[in-house]
Amino acid sequence: MKRLFVWLAALCVCFSLSAVDRIALVDLEKVFREYYKSRIAEDAIKQQAESYRSYLARLNEQLDVAVEKARTTRSNALNIALSDKEREDAEKLATQANAAVNEKKAEIELYVRARTQDMRNLETKKRGEIMADIQQEIRRRAAAEGYAFVFDVSGKTTNDQPVVLVFPKGNDITESVIQELNRTRPVAHPAPAAQEKK
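Described below are features of the structure shown in this document. None of these values were measured; they are calculated from a predicted model.

## Side note on the environment of E175
Move 1: With respect to the secondary-structure elements, E175 resides in helix α5 (residues 174-182).
Move 2: A polar atom in the side chain of E175 sits 2.5 Å from the side chain of K30.

The structure is reproduced here in structure tokens:
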């Protein structure tokens, strides 16, 4: 509801503008998706996530070994074929093995929680850097082309419909922004659209 109010207020502003105030529209979602740095950031995030998953797999393997050891020592502690002394020793080992299992579980839980937060922070940082580039280019283009206002048309209403239904295509600067942002793209990083066609 609050979002709808903001858009209605923005539209009221648009209608009250004088003829000299120009309005541009941009699809931020598309710009973000097609900016070459988004693909680089996505690859870096995936690589980091894979590194975390690999280490987590090793921790789980260690947990499996600890669980098996705890099961074996517990079984020995209950084995009536063993002497009282052997069962007593096995009981001590079983207690230690169970403590090792609990420690490993706590280590895994702590690792997952910390790495999940690290991934969130990394994604937020990368997204912030990319959005800063995009916003800088939009501001530059708006100033150069005399746009007083630039609105994002990628948003949706509660009915999952575009907020701006009709607008002159000449006011859409999306492709121009994408082209300028990708102008400095290294050869090693082809445009996302080109990669998807392969």
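## Some thoughts on the packing of aromatic side chains
Aromatic ring pairs are described here by two measures, namely the spacing of the ring centres and the angle between the planes.
Move 1: Taken as a whole and assessed by the stated rule, the structure comprises four aromatic pairs.
Move 2: Seen in terms of ring centroids, Y35 and Y36 are 5.5 Å apart; in terms of plane orientation they differ by 85°. Their pairing is edge-to-face. Per residue, the accessibility class of Y35 equals that of Y36, and both read buried.
Move 3: Taken together through their ring pairs, the aromatic side chains of Y52, Y55 and Y111 make up a single cluster.

## Considering the packing of helix α3 (residues 36-77) against helix α4 (residues 84-145)
Helices that pack against each other are described as a pair by the angle of their axes relative to one another and the distance between those axes.
Move 1: Where α3 meets α4, the closest approach of the two axes is 8 Å, and the angle between their N-to-C directions is 170°. Classified by the interaxial angle, the pair formed by α3 and α4 is roughly antiparallel.
Move 2: Of the residues belonging to the contact of α3 with α4, the class tally is 23 nonpolar, seven polar and 13 charged.

## What about the nonpolar core?
Move 1: If you look at the biggest cluster of nonpolar residues, it comprises 17 residues, and the most contacted ones within it are V31, Y35, I130, I134, I173, V177 and L181.
Move 2: Mapped onto this core, the elements with two or more residues apiece are β1 (22-26), α2 (28-34), α3, α4 and α5.
Move 3: For this core, the element with the highest residue contribution is α4, accounting for five residues.
Move 4: Once residues lying within four places of it in the same chain are set aside, the contact partners of Y35 are I130, D133, I134, L181 and N182.
Move 5: One finds A70, V101, I108 and M119 within the second-largest nonpolar core, a separate group that totals twelve residues.

Each value, and the rule that gives it
- Residues numbered from 1 in each chain as written.
- Predicted model: local features only at pLDDT ≥ 70, side-chain atom pairs only at ≥ 80, totals over all residues.
- Heavy atoms only, no water.
- Helix = DSSP H or I, 4+ residues; strand = E, 2+ residues; numbered from the N terminus.
- Polar contact = N/O pair within 3.5 Å; in protein donor to acceptor, adjacent residues only side chain to side chain.
- Phe/Tyr/Trp six-rings, centres within 6.5 Å; stacked < 30°, edge-to-face > 60°.
- Buried < 20%, exposed > 50% of the residue type's maximum accessible area, 1.4 Å probe, protein only.
- Axes fitted to C-alpha atoms, helices over the stretch in contact; angles between N-to-C directions.
- Parallel < 35°, antiparallel > 145°, perpendicular 65-115°, else oblique.
- Nonpolar A, V, L, I, M, F, W, Y, C, P; charged D, E, K, R; others polar.
- Core = buried A, V, L, I, M, F, W, Y, C linked by side-chain atoms within 4.5 Å.
- Contact = heavy atoms within 4.5 Å.

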